[in-house]
Every structure is written in C-alpha cells, then in structure tokens.
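Each chain, letter by letter, is given below.
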Amino acid sequence: MPTTAQPPAANDYGSVVHDLSREVMTAWMTQLQDAARSGAPSAYMMVSGNCVEILRCFDILPVFPEINALQLAIRKKALPYILKAEEIGYASDNCAYVKADIGYTLLEGVGENGLTPRPSLIVCNFVGCNVYIKWFEHCAEMLGVPLVMIDVPFVRQGEAVSTGDLHYVMAQLRGLIAACEELTGRKFDIDRLREIVGYSARAEAGWSRAKDLCKTRPAPFDCYFDSINMMGPINALRGTKEAADFFDAAVAHYEMMAARGLGATDEEQFRVVFEGPPPYPYYRNFRNLFAAWKAVCVQSTYSTVGGTWEFGFRHDPDRPLESIAEQMLLHNLCNRTMQERYRQIRRYVEEWQADALVIHSVKSCRLFSAGQGDMREYFTKELGVPTLMVESDLEDPRYYAEAQMKNRIDAFFESLQYKRLRGSAAEARSVSPEGVSDAVRRGR
Amino acid sequence: MNFSPGPAITSAEEIIRECRALVELLPSQALARARESRPGLRGFGVFPVYAPQEIIHAAGLMPVGLFGAGAKLETTRADSRFQSFICSIARSTLELFLSGDLGRESGFEGAVFSSICDVARNLCSVAGRNAPGVYVEYLHLPQNAATPAAREYTRREFARFRDNLAGRVGRPIDDEAIRRSIALYNRVRELICELYTQRQERPGSIRTADLFAAVLAGTCMMPEDFVPMAEALLASVREHAPVPRDTVNVVLEGAFCEAPPLDLIDAIESAGCQIVEDDLAIGWRIFRKDVPVEGDPVAALADAYLAGSAYTSVRHDSTRPRTRGLLERVEASRADAVILASAKFCEPALFDYVLFRRALDERGVPHLKIEFEEKMWTFERLRNEIETFTESLLFD
Ligand code: SF4
Ligand code: SF4
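Below you will find a few notes about this structure.

Rules of the game
- Residues numbered from 1 in each chain as written.
- Chains lettered and ligands numbered in written order.
- Predicted model: local features only at pLDDT ≥ 70, side-chain atom pairs only at ≥ 80, totals over all residues.
- Heavy atoms only, no water.
- Near = heavy atom within 4 Å.
- Nonpolar A, V, L, I, M, F, W, Y, C, P; charged D, E, K, R; others polar.
- Pairing = 2+ DSSP bridges.
- Helix = DSSP H or I, 4+ residues; strand = E, 2+ residues; numbered from the N terminus.
- Axes fitted to C-alpha atoms, helices over the stretch in contact; angles between N-to-C directions.
- Expected span 1.5 Å × (residues − 1).
- Bend = angle between axes of the 7 residues up to and from the residue.
- Buried < 20%, exposed > 50% of the residue type's maximum accessible area, 1.4 Å probe, protein only.
- Parallel < 35°, antiparallel > 145°, perpendicular 65-115°, else oblique.
- Contact = heavy atoms within 4.5 Å.
- Buried area = accessible area lost by both parts, 1.4 Å probe.
- Salt bridge = Lys/Arg side-chain N within 4 Å of Asp/Glu carboxyl O.
- Phe/Tyr/Trp six-rings, centres within 6.5 Å; stacked < 30°, edge-to-face > 60°.
- Lys NZ or Arg CZ within 6 Å of the ring centre and 35° of its normal.

### Regarding the site of ligand 2
Neighbouring ligand 2 are the residues F47, C87, I89, I116, C117, F256, C257, C346, E347 and P348 of chain B. Residue composition of the shell around ligand 2, grouped by class: nine nonpolar, no polar and one charged.

### Comments concerning the sheet that holds strand β7 (residues 356–362) of chain A
All names here are of chain A. The parallel open sheet is built from four strands, whose spatial order is β6-β5-β7-β8. Whereas interior strands pair on both sides, the edge strands pair on one side only; in this sheet they are β6 (295–300) and β8 (387–392). Put simply, the sheet's adjacent strands are angled 30° from each other on average, direction ignored. Both β7 and β8 contribute to a ladder of six bridges, which runs parallel. When the sheet's bridge partners are listed, L357 is paired in β8 with T387.

### Section: helix α13 (residues 347–363) of chain B
All names here are of chain B. Along its 17 residues, α13 runs 25 Å from first to last C-alpha, staying within 8% of the 24 Å computed at 1.5 Å per residue. Taken as a whole, α13 carries its principal kink of about 30° at Y353. The buried fraction of α13 amounts to 12 of the 17 residues, a majority that puts the element mostly inside the structure. Listing the buried residues of α13 in full gives E347, P348, A349, L350, F351, D352, Y353, V354, L355, F356, A359 and L360. Looking one or two places after α13, you find G364, whose phi comes out positive at around 70°.

### Some points on the packing of helix α8 (residues 190–213) of chain A against helix α12 (residues 320–329) of chain A
Packed helix pairs are specified by the crossing angle of their axes together with the interaxial distance, meaning the distance between the axes. All names here are of chain A. Contact geometry of α8 with α12 gives a least axis separation of 9 Å together with a crossing angle of 50°. The orientation of α8 with respect to α12, classified from their angle, is oblique. Every residue of α12 that contacts α8 at I190, L193, R194 and V197 is listed here: P320, L321, S323 and I324. Across the contact of α8 with α12, the residue classes break down as six nonpolar, one polar and one charged.

### Let's talk about the interface of chain A and chain B
When the parts of a complex come together, some accessible area is lost, and that lost area is often taken as the interface size. Chain A puts 58 residues into the contact, and the matching count from chain B is 46 residues. Between chain A and chain B lies a buried interface of about 4500 Å² when both sides are counted; carbon and sulfur atoms form 54% of it. Sorting the residues of chain A by area buried against chain B places K134, R156 and R366 of chain A first, and these three jointly supply 15% of that buried surface. Our count for the chain A to chain B interface comes out at nine salt bridges. For the salt bridge of E382 of chain A with R129 of chain B, the shortest nitrogen-to-oxygen distance reads 3.0 Å. Every element with two or more residues in the side of chain A that touches chain B is listed here: α6 (131–143), β4 (147–151), α7 (163–184), α13 (338–351), β7, α14 (366–369), α15 (372–382) and β8 of chain A.

### Quick look at the site of ligand 1
All names here are of chain A. The environment of ligand 1 is made up of E66, C95, C129, V131, Y132, W135, S364, C365 and L394. The dominant element in the shell around ligand 1, judged by the number of residues it contributes, is α6, at three residues. Looking at side-chain class alone, the shell around ligand 1 contains seven nonpolar, one polar and one charged residues.

### Focus: the side chain of T154 of chain B
Residues and elements named next belong to chain B. Among the secondary structure elements, T154 is positioned in helix α6 (residues 149–169). For T154, a relative accessible area of 1% translates into the label buried. Not counting residues within four places of it along the chain, the set of residues in contact with T154 comprises P142, A302 and L306.

### Some details on the packing of aromatic side chains
Enumeration over the complete set of coordinates arrives at 44 aromatic pairs over all chains. Aromatic side chains F221 of chain A and Y254 of chain A sit 4.3 Å apart centroid to centroid with 20° between the ring planes, which places their arrangement in the stacked category. Separated by 33 residues along the polypeptide, F221 of chain A in the loop between α8 and α9 (228–236) and Y254 of chain A in helix α10 (residues 241–259) bring together distant segments of the chain. The class of Y254 of chain A is buried, set by a relative accessible area of 3%. The interplanar angle of 20° and the centroid separation of 5.9 Å between the aromatic rings of W293 of chain A and F413 of chain A together place this pair among those described as stacked. One end of the pair, W293 of chain A, is in the loop between α11 (283–291) and β6; the other, F413 of chain A, is in helix α16 (residues 402–429), with 120 residues separating them in the sequence. Using a relative accessible area of 0% as the deciding quantity, one classes F413 of chain A as buried. Taking the ring centre of Y305 of chain B as reference, the NZ or CZ of R315 of chain B above it sits at 6.0 Å.

### With respect to the pattern of salt bridges
Residues and elements named next belong to chain A. A full pass over the atoms with the stated rule returns 69 salt bridges over all chains. Across the pair D59 and R186 runs a salt bridge, and its minimum N-O distance is 3.1 Å. Taken together, the residues span a long stretch of sequence, with D59 in the loop between α2 (52–57) and β2 (61–63) and R186 in the loop between α7 and α8 at a distance of 127 residues. Overall, the relative accessible area of 34% leaves R186 in the partly exposed class. A salt bridge links E181 to K187, with the shortest nitrogen-to-oxygen separation between them at 3.8 Å.

### Some words on unusual backbone geometry
With an omega of -5°, the peptide bond running from R217 of chain A to P218 of chain A counts as cis. Inspection of the secondary structure assignment puts P218 of chain A in the loop between α8 and α9. Cis peptide bonds are those with omega within 30 degrees of zero, and the linkage from P48 of chain B to V49 of chain B qualifies with 10°. As for its placement among the helices and strands, V49 of chain B is situated in the loop between β1 (42–46) and α3 (53–58). A positive phi is found at K294 of chain A, a non-glycine position, where the angle reads about 50°. On the secondary structure map, K294 of chain A appears in the loop between α11 and β6. The phi dihedral of F345 of chain B is positive, around 70°, even though this residue is not glycine. Position of F345 of chain B among the secondary structure elements: in the loop between β7 (337–343) and α13. Residue F345 of chain B is classed as buried on the basis of its relative accessible area, which comes to 12%.

Written out as structure tokens, the structure reads:
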C-alpha cells in the first residue's frame, strides 16, 4: 500500500495534448466572449448526441451550458450559483448542472456583462436526458429566447434505427434548419454541411484511434481524467478544421507514446473502466486517489455521452443529414438503455483488458446513476468483474467526502492486489469459460 | 361484492371500503381477484403516467396501474439496485419484478413504461433484466408537439406497441376490439370526470381520499367491472347532502406518478383544505373528450394523446405551456390556492415547481410546497404546516 496519496511525478508527455486542447477551446471561448458583447448569432445546445454541424453551417456560435457548468465546478466556483438557484425554488435534489447554470444566468453571467452570450436560439436536442428539456425550457423562459425542440426517440429496438424514428428526427432537423435560415437570413447550403460533416468524421476517426491506443500497455493516456481534453473538441468544436487537426496531432502524440512504451502513469499497475461522470469540484483530489495506486482508466462511459465513435460510427458527407440523425438516435451513450450500457462496459473490460470497474455514482445525474446498484450486481455477481461504487456529485461540492472516498478506494485496490497475488496461481489452473475473455476471468 | 347494477344503489361507504381494500392489494393479488370471475385472465402492468390502456385491454389483458407499492411491500433487494436518492416508486416497482409479483407465474404478461423521466427509463431496462421472460415495453411518447411530424411519429409508436403486444400474446389485436375498448374507457373517463365535477361543485360530497381510492381501484380491476361500480358510486354521491365547511379550496398538483398515501390526502383535507382539482393518477383520465370510436383506433388514441390530453409535468408541449395549464386549472376550479406536492426525489415535479411558483406568484395565487413518499406514515408535521397555511388564508 502506498504511503502517500500524491501522484507520481507527471511526465511531460501528458501535458502535450492538454495544452493543444486548451488552445482550441480557449479560441472558442474567446469567440463566446466576443459574441456576448457583439450580439453575433449564437445558440444554446446540449452536449449529448448533438447536431452542432447544423449551427456551424450557418455560422451560429454554439454555446453549451453543460460545459459552462462543468467549468464552474472544476474552477471551484459553482456553489454560490447553485445556492442562488436554490433561492428561487430549485430543490437540493435537482441536477446541480442546471442549478449552477441557472444561478450563473441570474447573476448576469449571460449577456453583455458576462462571459456567455445571450443566445439567439435555444436548441434542445433532447437525447436521452429528460432534465435537458426542463433545463432549456427554464432558460427559454428566463431569457425570453425562442426554444427549438428536437425530440429524439430513445433507443428501443436494439441496434436498428426505425425509418419512423429517422423521419421524425430528420423532420425536426429540417425545422431547425428553417429556424437558422430565418435567424441568419441565409439559405441552407448542403455542400457546406458536407464539408463540415467531413471534418466531424475526421475528428471522430482520431477519437476512435486515440481510444484504441489505450488497449496497449501501458495506456498512453487516462481515458477518464484525460479524456476531457478530447471531449471538448469532439463535442463542442466538432465540424471544424481546428478540431480535426487537433485530433490528428493528439493521435500522432499518443502513437509516439505507445511506440515508445510510455504510459499515462510511470508503472501502470491497474487498468480500470470508469462509469459515471467525475466529481468536477474535486477533480484533482479524486484523480490522485487512483494515481496513488498507479491505476489507469483505459475506457470510460462518460466520455461517450457525445458519441460512441470507438465502435465505428462516423458522420457521412454523402448523407449529411441522415448521419446527423443517426448519431443522435443511436450512437451516443445517453440515448441507450442501461442494458446496452452494460454491454458497452463489458466490451470495454474485455477488449481494453481491464482489471476492474469503478462506478462513480453522482446524485445530480439520474440518467447515469439510477440503477447503478443493479449494474454493480451484474458485473460482480454475473461476470465476476471486481467493481467499486463510490458516491458524490459532478457539480455540487457539498457531496464529496474525501476521507471516506480515500478509504473506499484504498480498500478496493488493496483487495484487488491481494486477489491478484492469490489469483495468479489459481488462474493457471482454471479453464476458460466460453465467451468470457481473459480480462473478465481475471476478476473471478 | 357484486358491482353489477342491481335494484338497490350500493352505498358509497360500502363501495369506498371495497375500493380501499382493493388498492391495498399487490398487483398479483388484484389480478387474482379479477380472475375469480374471469379464470385465466392475464395482467399487464402500466407504469405511470400514461400508456394506451385500450390496446392492452383489447389484447385480452387486464391493464394494472403500477403506482408504487406503498407500505404493502418491504423493499429488500431493490434498495441495493436503486440508490437512496432515487424516488421510492422506482425501488418498489423493481421489488415487484424481483419478487415475481409482476412475473409470468403471477399471471403477468409484461409491463409498459414510458419516457417520463430518467429514472423510469433506467428502471424499465433494469426491470427487464431482472424479470426474464416478462415482456417489458418502453414507449417514447412525443415531447415535441410543435412539429407536424409528431402526429405520424406518435401513431407509429402506438402501432408498434400494438404489434409487439400482439406478437407477445400470439394473436392479432384487431381494430374492432380496440374500438370497443376505447368506448369502454371513454365511459370510465366520463364517470371519473363526473365524480370530479361533483367534488368540485358540491364540496364535501366525496372526500378526495375516497375519490382517489376509487380511481386507483379502477386501475386494478377490469373496466367492465369499474363502470357499474362507478355508476353506483356516482348515484350515491349525488344523493349525499354535504355539510358546508369553511375551507380553502386548493388544487393539488405534482403527484402524477408515485401515489401519495390516502392518509396524506385526508390530512390535507382535515387541515382546512378542500381539494377541488388534482393530478392524481391523471394518466388514467388524461383525455377530457371522448376518443373517437370511428376510423383507425390506434391513430385516434395517438392523436388524442398528442392534441387532447391534459398537461402533466412529464409531457412537454411548447404550444401549450404547463404554467398556463396550471393557471387554467386554478381558474376553472375557482381554487383559492395551490398545494404543490411532489414525491420525494421526483425531478420532473421538482423542476416544474420553479416555473409554477413563478407563475403563481405573478398571479398572486398562494401556494405551498410539500413532499411525500409512498411509505410515509406520520402526517402530523405536514398537517400543522397545512393548517398554518390555510389559517393564514382564512384569517389574514
Ligand atoms: S441529469 Fe445528467 S445528463 Fe442530464 S443535465 Fe444533469 S448532468 Fe447532464
Ligand atoms: S416519481 Fe417522478 S422521478 Fe420517480 S419515476 Fe415517477 S416521474 Fe420519475
């Protein structure tokens, strides 16, 4: 057991992609700030399974209140905004992402005096999360901005998109296009959309390749804690040349690391899969608790809220609108069932050769958390994958208990280490059950 | 007890007693009761808020409302699957699946959930995993009534349900059968609506807890049996001469999913309020007008849902905002105040509270927020709170 919770000295390689990401994201945020003053057209949009390409086609600047909430939390600035929202009636049990953003709006973070532009349109891409609808309804009402709703039917027939669902979403996307035409006074240009979608596909290929590289040992980056460096560009900046270039550079860097045997941590000891969003208010503290055990995340579900591109889906310049609709309907975590999430995690554990699953259960986000106890049951009892479940929140700092968190994490890795010592002898004797990979068996 | 319309009108007390007994039963027990006169009948669970019961009924099944299991069931295994910050109905419903109460052995063919909230959606998937062999359906009800495409979408979604259910029961569900079920449920809704009118226009003619018990009983018996019972109840309520009370007339809003205990409703009314309108079990009386029995019945149901259903906190329609819906409800029932009652941890209700509160404040309508849980059993604190609220309105 390590004597200190300090992380190993960070190697210089880790920061390269972080810096590249910061560069492109800062450029976008500067545009947002400029738009707050100039009134250039902008639109609110949600992250998961979004259709940012359409806004881009009209040069409407996308604004993501979720990213705003995330940044408030990670900079430890969220609480006063949350409290402000609670003052006007939000409950302690409401998603704190919403509360932080609404508090920020009420305290003039949005508009001329703030850093976020007052949007010209509010586009609610309702993909999975029902809270999205409430959130954007509230924004529309408080800001007096028109709301364009895009109702995306939840996946309910396995991997196939029904024609009915596809038509329904496409019709609404056409409605959005009409709203954008009216806002900007410009005609829709499908060739422009093809070009944008082409950039999306290039970024997605990079995303997929980068994640694939985490199959190597050691994994070149942490697919939970470092993946936010890629999540910003893929979800907010998708469809730009800058985002596509960013992924080219990130992939080149990670390939170099993999080729040289360089990992996210010096001596990778444990490979884990993460489920659930991170505790942004205590991001570094939380990360350190895993780093102390040289545990690296090799895949995470949270990173796929925008898209599950690692399984092959790409936007298609030949079918730009259809592929946007398909992405919204099928190829993102949020619009898929719990059982499909179990299958996704199982693939992660097997194909990325993980030793364990860590579930971070957040009170705010019931989309993720409702039923995670059943997930733990499934992975531990039915698949024999060691699973740790810890609770706090992704936005509200009041739910993070460091000492308790540390105890649970330490106890988990201690037992994992113990099992590993004991298990290596037993594994040599065991017979592989059909269909269950080595990685899954290792946990038994 | 025989509910067929006989020469003597069964007294309201007797009917209510029977209804209250019925809602104390678990779904499997309620189904067993129905099977006494219909051997071999199979059940189909309907998780709130709404699903087209007519299609289930036309498949030869008994639609059974799942409003939580209150104090009837101890949640043992489900507690570890759904965390403590999740509403109670999610845990109790999962427990019904885990315990086999909603299983094939108990006579259930399956259950249907819909896109009301993140919890219900995950619950549907988790329940399906834990109840092998039970058909669990998920309906994505439209959340964008403003697009013309919603009509076609909703019709397809209802038709998909019909086809899946038909596949499951192994025989087609024909239009004529659905039309007959629509006519029956039109009558059910009409009777409930009439009972609501009695309560509103002749306060005290029926207590809300009794009315709610009757409506809930209707969700766990065959509609053919409910109709004569409700007719008898209505006749009796009409004859009853209520004693006038000095009360504050309130709309109860927010309890559209997990059912609050009947004692809670009694506590509200004994603390000086007269509930004149509410959204209790609203999914079972969601259409204000009859659903047409001519033409394509599945399309008629879908269209009625899209354009003719009452607002709820889980249905979003920018052409008919819910704040407007609530204000209209207050106005139409000539209520003095609103009690915003949400199930503990119920996000849709808790979010709507913010907008409702704003709208009510703007109109100067007094309101009180309370939270409940299906398992709660002491109501003293709540009664005091409500008393203080009503007194402030009656005497200030
Ligand atoms: S519930 Fe979860 S997905 Fe939905 S807005 Fe909140 S944090 Fe985001
Ligand atoms: S009580 Fe509320 S949160 Fe719970 S399932 Fe019902 S609508 Fe969803």
